[in-house]
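So you can see what is in the structure, the chains are spelled out below.
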Amino acid sequence: MSSPPGLPEFDLPMIFADKVAGLGFQSGVFRVALAANVSNTAGVTEVVKSGFLILSPEGMLELRSQVDQLLGELERRGLMNLKPDKLDG
C-alpha cells in the first residue's frame, strides 16, 4: 500500500486509533498506547488495543511541534475550533 500524500514511503503496516489509551514515560522513552472503537457483529461497540507508539524525548517534541502546526492549519481553515466559547469548570 502506498503512503498518503505528504508522507514518506514506508513499507510498514498502518495502525488505526481513535483513542489514546494511555501515555507514560519509562526508561527514557515516551510510550503512547493507542486504541480504537470497533463494532462487533451484534453492533456492540467496544474498545480494542491498536498498538504502541514509542518515542524518544526528541521524537515526542517533534511530534508535538508538527501536531501543533497541523491543528493551527485546521483552525485557520475553519475546520476546528481550538478556543471553545465556554470552558467547563
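The numbers attached to residues start from 1 for each chain and follow its sequence in the written order. Residue-level local features of this predicted model are given only where pLDDT is at least 70; pairs of side-chain atoms are given and counted only at 80 or more, and the full residue set underlies all totals for whole chains, interfaces and linings. Hydrogen atoms and water are omitted, and side-chain values are computed over all heavy atoms in the structure.

So, on to the pairing of strand β3 (residues 45–55). Strands are labelled as partners when DSSP assigns at least two bridges between them. Here a helix means four or more residues in a row that DSSP labels H or I, a strand means two or more in a row labelled E, and each is numbered from the N terminus. Summarising the sheet, strand β2 (residues 29–39) and β3 pair through 10 bridges and their orientation is antiparallel. What sits directly across from asparagine 37, in β3, is valine 47. Counted between consecutive antiparallel strands, the loop separating β2 from β3 contains five residues, among which glycine 43 sits at a positive phi close to 85°.

So, on to the pattern of salt bridges. The salt bridge criterion pairs a side-chain nitrogen of Lys or Arg with a carboxyl oxygen of Asp or Glu, the two atoms within 4 Å. Taken as a whole, this structure holds four salt bridges when the rule is applied. Where glutamate 73 meets arginine 77, a salt bridge forms, and the shortest distance between an N and an O atom there is 2.8 Å. Only protein chains enter the accessibility calculation, which uses a 1.4 Å probe; a residue whose area is less than 20% of its type maximum is buried, one above 50% is exposed, and one in between is partly exposed. We classify glutamate 73 as partly exposed; its relative accessible area is 26%. Among the residues examined, arginine 77 registers a relative accessible area of 58% and is labelled exposed. The residue glutamate 75 makes a salt bridge to lysine 83 at a minimum N-O spacing of 3.8 Å. When its relative accessible area of 60% is taken as the criterion, lysine 83 is described as exposed. Each of Glu73, Arg76 and Arg77 takes part in one network of salt bridges that share partners.

The values reported here are purely geometric and, on their own, carry no functional implication.
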